[in-house]
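Residues per chain are reported as follows:
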Amino acid sequence: MARVRHKRKPVAEMNVVPYIDVMLVLLVIFMVTAPMLNQGVKVDLPKVSSEALPQDNNTQVLTISIKADKTYYWNLGSEVDTDKQMDKAMTLPQMTDAVTKIISAGRDQGKQTQVFIRGDKSVDYGAVMGAMGGLQKAGVGNVGLITEAP
């Protein structure tokens with residue numbers, strides 16, 4: 001007995017299952033490699049000589065440095081000075097009290113105080129934010145963070 005073969009009709013529909021598999025594999029690859037991509041744009045800035053900006057005699061600059069052991073150091077002057085220190089405080093409340101006195105003495109002389117905070121790279125974020133909160137309570141409205149290029 002001979003077997004009768006039935007011809008199959010061609011299917012006009014596209015099988016999308018292999019395409020979905022490929023897309024999922026690509027999605028996983030992109031999810032793994034995206035965090036590894038280098039962020040930012042490297043810019044080679046030109047080196048030019050320029051004159052210093054004129055200084056305002058009614059402004060005093062207070063530089064607060066926070067070391068890794070959460071001790072606070074400060075320096076008061078007409079510019080940011082990171083080399084020397086005038087005084088130190090062991091805790092945040094001591095630093096806040098001292099800064100409050102410095103700012104109120106400057107206000108009595110008619111000076112505004114500009115504060116810069118420098119934090120050691122291994123100091124925790126809470127110590128820097130605590131210093132900024134203490135400065136805000138002391139009446140400082142203009143606080144800048146000093147960062148150095150890697």
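Calculation rules
- Residues numbered from 1 in each chain as written.
- Predicted model: local features only at pLDDT ≥ 70, side-chain atom pairs only at ≥ 80, totals over all residues.
- Heavy atoms only, no water.
- Helix = DSSP H or I, 4+ residues; strand = E, 2+ residues; numbered from the N terminus.
- Buried < 20%, exposed > 50% of the residue type's maximum accessible area, 1.4 Å probe, protein only.
- Contact = heavy atoms within 4.5 Å.
- Pairing = 2+ DSSP bridges.
- Axes fitted to C-alpha atoms, helices over the stretch in contact; angles between N-to-C directions.
- Left-handed = near helix turned anticlockwise from the far one by under 90°.
- Nonpolar A, V, L, I, M, F, W, Y, C, P; charged D, E, K, R; others polar.
- UniProt positions renumbered as here; feature names shortened; annotations may be inferred.
- Salt bridge = Lys/Arg side-chain N within 4 Å of Asp/Glu carboxyl O.
- Expected span 1.5 Å × (residues − 1).
- Arc of directions from axis to C-beta.

Moving on: the overall build of the protein. Along the protein, the regular secondary structure elements total three helices and five strands. Taking all 150 residues of the protein together, 22% fall into the buried category. When contacts within the protein are restricted to residue pairs at least 6 apart in sequence, long-range pairs at least 24 apart make up 57% of them.

With seven of eight residues buried, strand β1 (residues 59-66) lies mostly within the body of the structure. Bridging between β1 and strand β2 (residues 72-77) involves six bridges; their strand directions are antiparallel. By the bridge assignment, serine 65 is partnered in β2 with tyrosine 73.

We now examine the side chain of serine 65. Relative to the assigned elements, serine 65 resides in strand β1. Serine 65 has contacts with Thr71, Tyr72, Tyr73 and Arg118, leaving out every residue within four places of it along the chain.

Here we come to the pairing of β2. The antiparallel hairpin formed by β1 and β2 contains five residues in its connecting segment, where lysine 70 sits at a positive phi of about 65 degrees. In terms of strand pairing, β2 meets strand β3 (residues 87-89) through three bridges, oriented antiparallel. Within β3, the position partnered with tyrosine 72 by the bridge is alanine 89.

A word on unusual backbone geometry. Even without a glycine there, the phi angle at lysine 70 is positive, about 65 degrees. Position of lysine 70 among the secondary structure elements: in the loop between β1 and β2.

Two elements in contact, helix α2 (residues 92-108) and helix α3 (residues 125-138), have axes separated by 9 Å at closest approach and are oriented at 35 degrees. For the pair α2 and α3, the crossing hand works out as right-handed. Of the residues in α3, those touching α2 at Leu92, Met95, Thr96, Val99, Thr100 and Ile103 are Gly130, Ala131, Gly134, Leu135 and Ala138. Residues belonging to the contact of α2 with α3 are distributed by class as follows: seven nonpolar, four polar and no charged.

Per the UniProt entry, the sites bearing "transmembrane region" (unreviewed entry) are residues 16-37 in this numbering. For residues 16-37, the end-to-end C-alpha separation is 31 Å, with 77% helix and 0% strand making up the annotated structure.

Scanning all chains against the criterion turns up one salt bridge. Residues aspartate 124 and lysine 70 are paired through a salt bridge, measuring 3.4 Å at the closest nitrogen-oxygen approach. Residue aspartate 124 is located in the loop between β4 (112-119) and α3, and its partner lysine 70 is located in the loop between β1 and β2; the two are separated by 54 residues in the primary sequence.

Before going further, it helps to examine α3. Over its 14 residues, α3 extends 20 Å from the first C-alpha to the last, a length consistent with the 20 Å expected when each residue adds 1.5 Å. Taken together, the buried positions of α3 are occupied by Ala127, Val128, Ala131, Gly134, Leu135 and Ala138. End-on, the buried residues of α3 take up no more than an arc of 120 degrees, which puts them together on one face. Residues of α3 that are exposed and point over 90 degrees away from its buried face: Tyr125, Gln136 and Lys137. Positive backbone phi, at 100 degrees, marks glycine 139, one or two positions downstream of α3.

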